[in-house]
Amino acid sequence: MRGIYRKRILLALLLIIWFTKSVPSQTTDYKTVFGNDWQKAETFVIENESWMKPLSEKYHISYPFAIAIVFPELIRYSALRDKIEITLLKALYINLGEEYADFSIGPFQMKPSFAELIHEKVLSIKDRKIKNQFQSRKYYEDIRKYRSSIVGDLENLKTQFIYLLAFVKICESNYQNKWKDENEELKFFATVYNCGLNKSTEIIESMTDKKFFNTGLIKTDNNYSYADISIYWYNSFKKKN
């Protein structure tokens, strides 16, 4: 009898394990979580699609894929745009460099250090169309003029979008992984955008599910995965279109 009971218990445990793995995990409803800030981010996309989409197509980049990478930043920008004064930070960066002031600018929340990396790494990609949009640092005799041009680029929405498209091209060139599907590729690229272009594949993969994203000025316990938000918007966009 004991043997029969053991078999039944073992069978029950196996069924529980199988059922747990087979039931998909519940997806967080980020649209509800971020509420009004999500709505503002979506409004920004709708209002600027008329020029962002053709520009993406010009460089043979999926428009929704590119937007999905920065959509969490659009949410954060909507939440913080009225809370941050960057005039002093701009002056510090131009005169002293990123070591003294490295701050996020514009709807896509790009930092000067990010822009400098784009200028550096875009030189190694094959796509001449996008490469020709950027001047090498060597072009500028005065380092302050170079930094000033970086700030000017990031304060211009269309130029900032060009930086985003260049980022996608650089990722395609640097990380030639064999993606299982679009979501897996987007998850990786979004994590690179959030964590940094200088990170190795191994580090990026270890960071994809980390929950660091929030819309506050200080750290909170309500953090989310940056890449998961990108995927959530991307799949929502595809369903609508």
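For the structure given in this document, a descriptive report is provided here. (Residues numbered from 1 in each chain as written. Predicted model: local features only at pLDDT ≥ 70, side-chain atom pairs only at ≥ 80, totals over all residues. Heavy atoms only, no water.)

Below, the discussion takes up the pattern of salt bridges. Using the criterion set out here, one finds seven salt bridges in the structure. The shortest N-O distance in the salt bridge between Lys240 and Glu42 comes to 3.5 Å. One end of the pair, Lys240, is in helix H11 (residues 226-240); the other, Glu42, is in helix H2 (residues 30-58), with 198 residues separating them in the sequence. Overlapping salt bridges bring together Lys187, Asp209 and Asp228 as one network. (Salt bridge = Lys/Arg side-chain N within 4 Å of Asp/Glu carboxyl O. Helix = DSSP H or I, 4+ residues; strand = E, 2+ residues; numbered from the N terminus.)

Core analysis: the biggest nonpolar cluster contains 67 residues, and Ile69, Phe167 and Tyr193 have the highest contact counts within it. Elements represented by at least two residues in this core include exactly H2, helix H3 (63-80), helix H4 (87-96), helix H5 (112-121), helix H7 (143-155), helix H8 (157-174), helix H9 (182-195) and H11. The contact partners of Ile69, leaving out residues within four places of it in the chain, are Leu164, Phe167, Val168, Leu186, Phe189, Ala190, Tyr193, Tyr226 and Ser230. (Core = buried A, V, L, I, M, F, W, Y, C linked by side-chain atoms within 4.5 Å. Buried < 20%, exposed > 50% of the residue type's maximum accessible area, 1.4 Å probe, protein only. Contact = heavy atoms within 4.5 Å.)

Turning next to the packing of aromatic side chains. In this structure the tally under the stated criterion is 23 aromatic pairs. Judged by centre distance (5.2 Å) and plane angle (20°), the rings of Phe71 and Trp233 are stacked. Remark: Trp233 occurs in helix H11 and Phe71 occurs in helix H3; sequence separation between them is 162 residues. Between Trp179 and Phe188, the ring centres sit 5.0 Å apart and the planes meet at 50°, which makes this aromatic pair tilted. Judged by relative accessible area, which is 23%, Trp179 ranks as partly exposed. Relative accessible area serves as the criterion here: at 3%, Phe188 is assigned to the buried category. Sitting over the face of the ring of Trp51, Lys158 holds its NZ or CZ atom 5.4 Å from the ring centroid. (Phe/Tyr/Trp six-rings, centres within 6.5 Å; stacked < 30°, edge-to-face > 60°. Lys NZ or Arg CZ within 6 Å of the ring centre and 35° of its normal.)

Okay, H11 next. Taking 1.5 Å as the rise per residue, H11 with 15 residues should run 21 Å; its terminal C-alpha atoms sit 22 Å apart, in good agreement. Three or more residues of H11 are buried, namely Tyr226, Ala227, Ile229, Ser230, Ile231, Trp233, Tyr234 and Phe237. (Expected span 1.5 Å × (residues − 1).)

Moving on, we come to unusual backbone geometry. At His60, a residue that is not glycine, the phi angle is positive and equals roughly 60°. Examined against the element boundaries, His60 turns out to sit in the loop between H2 and H3. Even without a glycine there, the phi angle at Gln109 is positive, about 50°. Counting through the fold element by element, Gln109 comes out in the loop between H4 and H5.

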